[in-house]
Amino acid sequence: MHMRYIRVQRGFSLVELMVALLLGVVLTSGVISVFITSKSSYSLNNAVGQVQEAGRYALSTMEPIISMAGYSGCTSSVLGKKTYVNNLSGATSEPVYNFVDPVFGFEFTGTGVGGTAKDTTSGVPVVDTTASDWTPNISSAMQTAINPYSPVKYSDMFLVHEELGNPAVMISPYDDGTTISLYASTTTPPMTVGDIAVASSCQNIEAFQITGGTPGTPPGNGTVLHDTSGNPGNGTAWTKLFNNTGSSDTVGRAQTYLFFVGKGIDGGYSLYEASFGTGTGLLAVQEIVPGVENMQVLYGVDQFNGDPTPDNVPDAYVTADQVTDWTGVVAVRVALVARSDDGAIDKSMTPSAATGIQMLGVGFSDAMTYYPAADRRIHRYFVETMSIRNTLP
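Peer 1: Is there a simple way to explain the pairing of strand 13 (residues 269–278) in this structure?
Peer 2: For a regular strand, side chains alternate in direction, first toward one face of the sheet and then toward the other. For strand 13, the buried fraction is high: 10 of the 10 residues fall into the buried class. Sheet topology places strand 12 (residues 250–263) next to strand 13; eight bridges connect them, and they run antiparallel. By the bridge assignment, Gly 262 is partnered in strand 13 with Ser 270.

Here it is, written out as structure tokens:
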């Protein structure tokens, strides 16, 4: 007779189960720790890339426009090498249409500057629509254009004037002192009645408004009229600076760009670009770079403090309220503070607002220290000096 042994199934003992649970907790903790560290590093690196991209893109957008400031056909110098007549009505009092000046700036001088500026609203922009908080004061045309886009405190603004490239060629003499016949190539920007335009030769320039005619669609012939009608209109009769037509005598559409920092669509800070090019004023306002929190601008001025020799080299970099002759500006220095999205900095780290950002260096007339809000964002400072190529010797 054989005896059968029945094997009794047994589970884990309590000790074995506790050891297994402990090992599981240790492994899970390690995985979670690696995940949190990786996520924090990713967020930080992503924020660094974000501010880097915002600052570089903002400056790269401004650079070609500033470089072409004052462009007007084959005339290349702003200081003393041409005759420039601005025939637009009220141009001396409305910087948007004063094409004699390649650039024109507005320095923020409102309450709260005085060497330092602090964002005390946790990164929510403080809107400022008071024209007198900038010097020179914001004009009525500019205020109407930008107030819906909420310009913010502490930040400067500036205008750039230029003629768009590849203007149409004058092909006939004047008929009655108000009409010009043109030929536009396939690359000539279209012109319409109401546009602000620039007529130029290698010696003379005149800004005016197209008040009639048939500018036409390139390529082909067309005519433009420049009488005293229109809005803003032409202030005086045509001065006839261009008595001889030729390949160097051209008419092209003019455009003014305005850069300012305003409140973005997402409720944060953004860099805006507004463009003016018609008698009715505004062409477009675009939010071009979200995350630009502050902009400070200096202007490199030739013949500063009585220097009698125009050499197209800046004698000083000054703020907009210190410029007495805008035709003498030969360079623009732009400083920006860009910020990342919130949550880039770990809660255990010191907020970025602990350190002020010294904008435009120590000793300059606009040496402002800007303190960002005490938030969990990364802030970075960018600065670039850009020459106005049309003022170079």
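Picking up where we left off.
Peer 1: Even after reading the chapter, I still don't get the packing of aromatic side chains, so can you show me in this structure?
Peer 2: Geometrically, a pair of aromatic rings is defined through the distance of the ring centres and the angle of the planes. With the rule as written, the count across this model stands at eight aromatic pairs. On the numbers, 5.2 Å between centres and 10° between planes, the contact of Phe 260 with Tyr 272 is stacked. Of this pair, Phe 260 sits in strand 12 while Tyr 272 sits in strand 13, and the two are 12 residues apart along the sequence. Classification of Phe 260 by relative accessible area gives buried; the value is 0%. Following the ring pairs from residue to residue traces out a cluster consisting of Phe 104, Phe 106, Tyr 299 and Trp 326.

Peer 1: Sorry, what's going on with the sheet that holds strand 15 (residues 292–301) here?
Peer 2: Strands belonging to one sheet form pairs held by backbone hydrogen bonds; the direction of such a pair is parallel or antiparallel. Spatially, the four strands line up as an open sheet ordered 16-15-17-20, and their pairing is antiparallel. The open sheet is flanked by strand 16 (316–318) and strand 20 (379–387), the only strands paired with a single partner. Each neighbouring strand pair of the sheet contributes to a mean axis angle of 25°, computed without reference to strand direction. Pairing analysis gives three bridges linking strand 15 to strand 16, with the strands arranged antiparallel. Each residue of the ladder has a partner; that of Val 301, found in strand 16, is Ala 316.

Peer 1: Sorry if this is basic, but what is going on with a nonpolar patch on the surface here?
Peer 2: A cluster of nonpolar side chains, contributed by Val 15, Val 19 and Leu 23, occupies part of the molecular surface with about 290 Å² of accessible area. Within the element layout of this structure, Val 15 appears in helix 1 (residues 14–67). On the basis of relative accessibility, which here comes to 57%, the residue Val 15 falls in the exposed class.

Peer 1: Where do I start with the side chain of Arg 377 in this structure?
Peer 2: Mapped onto the elements of the fold, Arg 377 is located in the loop between strand 19 (368–371) and strand 20. On the accessibility criterion, Arg 377 (13% relative accessible area) is buried. Polar side-chain contacts of Arg 377 include one of 3.0 Å to the backbone oxygen of Ser 340.

Parameters and conventions
Residues numbered from 1 in each chain as written. Predicted model: local features only at pLDDT ≥ 70, side-chain atom pairs only at ≥ 80, totals over all residues. Heavy atoms only, no water. Buried < 20%, exposed > 50% of the residue type's maximum accessible area, 1.4 Å probe, protein only. Helix = DSSP H or I, 4+ residues; strand = E, 2+ residues; numbered from the N terminus. Pairing = 2+ DSSP bridges. Phe/Tyr/Trp six-rings, centres within 6.5 Å; stacked < 30°, edge-to-face > 60°. Axes fitted to C-alpha atoms, helices over the stretch in contact; angles between N-to-C directions. Patch = residues over 30% accessible without salt bridge, like charges linked within 9 Å, V, L, I, M, F, W, Y side chains within 5 Å. Areas by Shrake-Rupley, 256 points an atom, 1.4 Å probe, with all protein chains shown as cover. Salt bridge = Lys/Arg side-chain N within 4 Å of Asp/Glu carboxyl O. Polar contact = N/O pair within 3.5 Å; in protein donor to acceptor, adjacent residues only side chain to side chain.

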